[in-house]
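# Observations on the three-dimensional arrangement
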Amino acid sequence: MEYFLEVVLPIPLEKLFTYKISEAEADFIQGGMRVAVPFGKSKIYTALAYRVHTNAPEAYEPKEIYQILDEHPVVTQVQLKHWEWVATYYMCTLGEVIRSALPSAFMLESETLILPNKNVEIDEMQLTDDEFLIYEALQHQTALKVSEVSNILDKKNVLKIINTLVYKGVVLQKEELYEQYKPKLVSYVKLAEYYEDEEQLSELLNDLTRAPKQSKVVLSLFQLKAGGRKPIPISELEKHSGSSRAVIKALIEKNILKEYHIRKDRVRFDDQSEGVHFIGLNEYQNKALEDIHQGFEEGKPVLLHGVTSSGKTEVYVKLIQKCLDEGRQALYLLPEIALTSQLINRLQRYFGHQVSVYHSKYSIHERVEVWNNVLKNAEKAQIVIGARSSLFLPFAKLGLVVVDEEHESSFKQFDPAPRYHARDAAVVLAALHKANIVLGSATPSIESMYNAKTNKYGYASVAHRYGNVLMPDISLVDIKEAMRKRRMKGHFSEILLKAITEALEEGEQIILFQNRRGFAPVVECTTCGHVAQCPNCDVSLTYHQHRNQLRCHYCGYHMALQQACLACGSPTLDNKGFGTEQIQQELGQLLPDVKVGRMDLDTTRGKYAYEKIISSFENQEMDILVGTQMVTKGLDFRNVSLVGIMNADSMLNFPDYRAHERSFQMLTQVAGRAGRTKKRGKVLIQTYNPYHQILQQVTTHNYDKMFEEQFYEREQFKYPPLVRLIKITLKDKDFNKLNEAADWMAGSLRNVLGTQILGPEYPPVARIRRDYLKNIMVKIPRNQPLAQTKNSIKRIEKSFNAISKYKSVRLVYNVDHI
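This structure is a prediction, so every number in the text was calculated from the model and none was measured. Throughout, a residue's number is its position along its own chain's written sequence, starting from 1. The predicted nature of this model means local features are confined to residues of pLDDT at least 70 and side-chain atom pairs, given and counted, to a pLDDT of 80 or more, with totals for whole chains, interfaces and linings taken over all residues. Only hydrogens and water are set aside when side-chain values are computed; all heavy atoms of the structure are taken into account.

### Digging into the overall build of the protein
- Along the protein, the regular secondary structure elements total 27 helices and 36 strands.
- Taking 2.2 N^0.38 as the reference for a compact globule, 818 residues should give roughly 28 Å; the C-alpha atoms of the protein span a radius of gyration of 29 Å, in line with that estimate.
- For the protein, the spread of C-alpha atoms along the principal axes amounts to about 85 × 70 × 70 Å.
- When accessible area is computed with a 1.4 Å probe and restricted to protein chains, residues below 20% of their type maximum are described as buried, those above 50% as exposed, and intermediate ones as partly exposed. Out of the 818 residues belonging to the protein, those deemed buried represent 56%.
- With an accessible surface of roughly 37700 Å², the protein has 49% of that area assigned to carbon and sulfur atoms.
- Charge centroids of the protein, computed over 104 positive and 98 negative side chains, lie 4 Å from each other. The numbering of helices and of strands both runs from the N terminus, where a helix is a DSSP run of H or I of at least 4 residues and a strand a run of E of at least 2. In this treatment the radius of gyration is a C-alpha quantity, and the globule benchmark scales as 2.2 Å times the residue count to the 0.38 power. Here, Shrake-Rupley sampling with a 1.4 Å probe gives the accessible areas, and only protein chains in the shown set may cover a residue. Asp and Glu count as negative and Lys and Arg as positive, but His and the ends of the chain are not part of the count. Note on charges: their place is set at NZ of Lys, CZ of Arg, CG of Asp or CD of Glu.

### A short note on the sheet that holds strand S8 (residues 171-173)
- Should DSSP find at least two bridges between two strands, the strands are taken to pair. Reading across the sheet, the three strands line up as S7-S6-S8 and stay open at both edges, with antiparallel pairing between neighbours. Where the open sheet ends on each side, the last strands, each with one partner, are strand S7 (144-145) and S8.
- Across three bridges, strand S6 (residues 113-116) lies against S8 in antiparallel orientation. If you follow Ile114 over to S8, its bridge partner there is Gln173.

### Description of the packing of helix H4 (residues 129-140) against helix H6 (residues 159-168)
- It is at 10 Å that the axes of H4 and H6 come closest, and there the two elements cross at 70°. Here H4 lies roughly perpendicular to H6, going by the angle between them. Judged by residue contacts, Asp130, Glu131 and Ile134 of H4 engage Ile161, Thr164, Leu165 and Lys168 from H6.
- Residues belonging to the contact of H4 with H6 are distributed by class as follows: three nonpolar, one polar and three charged. The axes used here are C-alpha line fits, helices contributing only the stretch in contact, and every angle between their N-to-C directions lies in the interval 0 to 180 degrees. Each angle receives one of four descriptions, namely roughly parallel if under 35 degrees, roughly antiparallel if over 145, roughly perpendicular if within 65 to 115, and oblique otherwise. By the convention used here, residues are in contact when the closest approach between their heavy atoms is within 4.5 Å. All amino acids are sorted into three groups, where Ala, Val, Leu, Ile, Met, Phe, Trp, Tyr, Cys and Pro are nonpolar, Asp, Glu, Lys and Arg are charged, and the leftover types, Gly among them, are polar.

### A short note on the pattern of salt bridges
- A carboxyl oxygen of Asp or Glu within 4 Å of a side-chain nitrogen of Lys or Arg is what we treat as a salt bridge. Enumeration over the complete set of coordinates arrives at 31 salt bridges.
- As a salt-bridge pair, Arg245 and Glu238 come within 3.1 Å of each other at their nearest N and O atoms.
- Residue Arg245 is classed as partly exposed on the basis of its relative accessible area of 41%.
- Residue Glu238 is classed as partly exposed on the basis of its relative accessible area, which comes to 23%.
- The closest approach of N and O atoms between Lys679 and Glu508, which form a salt bridge, is 3.2 Å. Of this pair, Lys679 sits in the loop between helix H23 (659-671) and strand S31 (682-687) while Glu508 is found in the loop between helix H19 (494-505) and strand S22 (509-513), placing the two residues 171 residues apart along the sequence.
- Judged by relative accessible area, which is 45%, Lys679 ranks as partly exposed.
- It is possible to trace a salt-bridge network through shared partners that takes in Glu447, Arg658, Glu661 and Arg714.

### Observations concerning the packing of aromatic side chains
- Pairing of aromatic rings covers Phe, Tyr and Trp, the last counted by its six-membered ring, and requires centre-to-centre distances within 6.5 Å; plane angles under 30 degrees mean stacked, over 60 mean edge-to-face, and any other angle means tilted. For the coordinates displayed, the defined rule picks out 23 aromatic pairs.
- Considering the side-chain rings of Phe617 and Phe637, the 4.8 Å spacing of their centres and the 90° angle between planes classify their relative orientation as edge-to-face. Taken together, the positions of Phe617 in helix H21 (residues 609-618) and Phe637 in the loop between strand S29 (624-627) and strand S30 (640-645) put the pair 20 residues apart, joining distant regions of the chain. Neither Phe617 nor Phe637 differs from the other in exposure class; each is buried.
- By way of ring pairs, the aromatic residues Phe17, Tyr19, Phe39, Tyr45 and Tyr60 are connected into one cluster.
- Think of it as a cone above the ring: NZ of Lys or CZ of Arg counts as a charge over the ring if it is within 6 Å of the ring centre and within 35 degrees of the ring normal. One residue, Arg349, lies across the ring of Tyr350, its end atom 5.8 Å from the ring centre.

### Points about the sheet that holds strand S24 (residues 542-544)
- With antiparallel pairing, three strands are arranged side by side in an open sheet as S24-S25-S26. Both outer strands of the open sheet, S24 and strand S26 (558-560), are each paired with one neighbouring strand and no more. Adjacent strand axes in the sheet meet at a mean angle of 30° when their direction is disregarded.

### A few points about the pairing of strand S1 (residues 3-8)
- Along S1, six of the six residues are buried, which leaves the element largely enclosed by surrounding structure.
- Side chains Tyr3, Leu5 and Val7 project from S1 onto one buried face, and the interleaved Phe4, Glu6 and Val8 project onto a second face that is buried too.
- Note that S1 and strand S2 (residues 17-21) share five bridges and pair antiparallel. From the neighbouring strand, Glu6 faces S2, where its bridge partner is Thr18.
- Across five bridges, S1 lies against strand S4 (residues 43-53) in antiparallel orientation. Bridge pairing in S4 places Leu5 opposite Val52.

### Some remarks on helix H20 (residues 580-590)
- The set of residues buried in H20 consists of Thr580, Glu581, Gln582, Ile583, Glu586 and Leu587.
- Where H20 is buried, its residues contact strand S20 (488-489), strand S21 (492-493), S22, S24, strand S28 (596-599) and S29.

### Some remarks on the pairing of strand S23 (residues 522-525)
- In S23, alternate side chains face the same way, and those of Val523 and Cys525 are buried while those of Val522 and Glu524 on the opposite face are not.
- Bridge count for S23 against strand S27 (residues 573-576) is four bridges, and the pairing is antiparallel. Note that in S27 the partner of Val523 across the bridge is Asn575.

### Let's talk about helix H26 (residues 735-753)
- A helix is expected to reach a length of 1.5 Å times the quantity of its residues less one. Here H26 contains 19 residues, and its C-alpha end-to-end distance of 27 Å stays within 8% of the 27 Å for a straight helix at 1.5 Å per residue.
- Every buried residue belonging to H26 is among Leu738, Asn739, Ala741, Ala742, Met745, Ala746, Ser748, Leu749 and Leu753, and all of these are buried.
- In the core, the buried residues of H26 are packed alongside strand S32 (723-732), strand S33 (757-761), strand S35 (771-781), helix H27 (786-802) and strand S36 (810-815).
- Two or three places before Asn736, at the start of H26, stands the capping residue Asp734, its side-chain oxygen 3.0 Å from that residue's backbone nitrogen.
- Remark: Gly754 follows H26 within two positions and exhibits a positive phi of approximately 70°. For this analysis, a polar contact is any N or O atom pair within 3.5 Å, provided that within protein one partner can donate a hydrogen and the other can accept it, and provided that sequence-adjacent residues contribute only side-chain to side-chain pairs.

### Looking at a negative patch on the surface
- On the surface, Asp197, Glu198, Glu199, Glu203 and Asp207 cluster together into a patch of negative charge.
- Exposure remark for Asp197: the relative accessible area of 40% places this residue in the partly exposed category. Residues with no salt bridge and a relative accessible area higher than 30% make up the patches, which join like charges within 9 Å and nonpolar side chains (Val, Leu, Ile, Met, Phe, Trp, Tyr) within 5 Å.

### Details of the environment of Gly327
- Inspection of the secondary structure assignment puts Gly327 in the loop between helix H13 (312-325) and strand S13 (329-333).
- Overall, Gly327 belongs to the partly exposed group, its relative accessible area being 31%.

### Some remarks on the nonpolar core
- Among the buried residues, those of types Ala, Val, Leu, Ile, Met, Phe, Trp, Tyr and Cys that are joined through side-chain atoms within 4.5 Å form a nonpolar core. Among the nonpolar cores identified, the biggest contains 113 residues, and Trp83, Ile728, Leu730 and Leu749 are the most heavily contacted of them.
- If one sorts the elements of this core by residue count, H26 sits on top with seven residues.
- Those residues within four positions of Leu730 in sequence are excluded, and the remaining contacts are Leu738, Ala741, Ala742, Met745, Tyr772, Leu773, Lys774, Ile776, Phe800, Val809, Arg810 and Leu811.
- Listed in part, the 33 residues of the second largest apolar core include Ile292, Val302, Leu304 and Ile385.

### Remarks on the environment of Pro721
- Structurally, Pro721 is set in the loop between helix H25 (703-717) and S32.
- Separated by 403 residues in the primary sequence, Pro721 and Lys318 have C-alpha atoms spaced 31 Å apart.
- Among residues more than four places away in sequence, those in contact with Pro721 are Ile446, Glu447, Tyr450, Phe711, Arg714 and Arg782.

### Description of the confidence of the model for the protein
- Averaged over every residue, the pLDDT of the protein is 87; the share at 70 or more is 95%.
- Here residues 175-184 scores under 50 on pLDDT; set against residues more than four positions off or in separate chains, the count is 15 contacts.
- Low pLDDT, under 50, characterises residues 263-276; the stretch is placed with 27 contacts to residues that sit more than four places away or in other chains. Per-residue confidence from the prediction method is given by pLDDT, with values spanning 0 to 100.

### Structural notes on unusual backbone geometry
- Between Asp415 and Pro416 the backbone carries a cis peptide bond, its omega angle lying at -15°.
- Relative to the helices and strands, Pro416 resides in the loop between strand S16 (398-404) and helix H16 (422-433).
- The amide bond that connects Pro720 to the next residue, Pro721, takes the cis arrangement and shows omega of 10°.
- The phi dihedral of Asn377 is positive, around 55°, even though this residue is not glycine.
- In this fold, Asn377 is placed in the loop between helix H15 (364-375) and strand S15 (383-386).
- Although it is not a glycine, Asp816 adopts a positive phi angle of roughly 55°.
- Tracing the sequence through the fold places Asp816 in the segment after S36.

Right, dumping it as structure tokens:
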């Protein structure tokens, strides 16, 4: 009897592929194991075993598998079910989901490059003969391909050996190169604990009389320490004591001073005063907790609607504790990596080493470790905090999912496929595991609120801030009027500047929000009006001052800032608009003694970059933090009393049906960073249109009114949550062909579906990376079966692909487009 194995290849294929296996292999292989299989003429892929059966494929002669890579499945059956749901619902292939879900260290291909790991000491005695041969070859070559390794060892199947070398840390894979750029961690210094005792200290000072330079360093440390509770960086101590780094190093080597890095130590100085195990909830939090449990009993997802700084995290901690007591795992999803560093500290304070973290800034090795710990249900992986990708981890006993800031658009994956929404996928994941799920937000999305109002979700709310702190006082500043009366200094109104100086005098910190990075979005010639454009995309180039270059934010194209206009040659270039860099520079001119930090995509490239910025702002090493939407997301800074929004209009006037909802959410969230302790915070919103209804609703914290108005509009114009959207994007480098193809596609969709089809229409940026784009929007009423509609679209796609001249046109589906 012949046995066959169906596998999922990590490439976008509609069908599963079948391979031939022996009877012994058939008994051993389980679904979810990795197997190396030949595919095409000469490629080897790591595929995922799906099921063993005895039916030979009719269309092709099955090849034999190369080898089995695992002894136990690395993917669970529930995961596979969940991934199949993601593939069908979001109209992509299972292969694409697997490619996105599995850490790339699991996915060895025959084109993977193997590099020597120069950062570790390798004990050659621990290596087998074959491993040693590879190791030795890498001493003479910078990198090897899998095929070259196979020639060296004279073996066909080398993936398993490479796998063990990767685990042992002897070699790296190509994708891991970025790990070589280790961000510099700030070194801090303090007196060793031994000398905190007065007797030892006086003895030390006597000993140091013979070393005047070292004595001066220790005395400088005391002076700096007396000046405030802030941690002391080595560079500051060096400057203050006037001595060299070598003297400080000598003291560290003598164990008189202790060096530590901010990353390791952030937990330490924030948390000495707080009780770890006991969290007291106030009456509002307790009521919310009861409502959540009631929703869980009814088997529903629960929406927790708590205003900013109402203590939602404490409620989650109680829920997580209950989940752990029942011996189950908890998943805590966050929209931004920036948030994880603050939350890790809070959760580690409560749960110690049971917390694991999983997101894309972690190296491949770290991700594989977390994956294996979750799979084994290890003690250190009882709680997983992560961005959207942590949904795909192999949970053994999932008991609770928390989706924090559930309204965030960062939960939606845009490129590449699967274009899933983590919140919706998490609801399905919880259902598959029979786990509870709570969605939390101060400004819930219209969809979630609609689900709560129609009893699909349970509902709990915390309408008061923790400790009865007042909601921030939000004022609108009319900059049209200020411009007319010439009362603006750069982009700052007099009112905002006055509030900034007052807050600084009080020793408080300030956050300024401008949702655009760079220095200026447009550089225009005032003589001929020419604006530098990106050659690959339909956008103007943004000026970045710190690099003195013009950059495209879509494809990364950049050029040096020209001294004269490229069209007419005159030197009259002027900046239009403003980004975070320009605000930082203006603050430097208006308030020269103030330390200003910036948090945007340009400053948070490295692995620890978020942590460095957040921790230095928390430790009050910066007075003002200027940032893009990163600063709005649930960060908790105790000393911020003022939040300034530089220009609220750009968000409101965005061509998108969600623009008003998004603006309300973003402004409310950014306002919620102010006054999180005793004193009432203040928020100033600069705008040209202070009478706009959304801005009025933000100032009065009126979520219900915003929901009513937006819901009414969406009812009138048929938008979610009352209909479902599928956006189909067509891409091609040939403009005319794209137009023809889009018209054909839209025509076919109208004939078959008959429901509302909008388009084809060009998006606001109609060309990106040399591809022209055109969108078609399919609106599906709630009473129309979704699966059937998707099948019809797929059938139309088949006919579309059969037309030879449209072969090059790419189709991209975005289900529940936001």
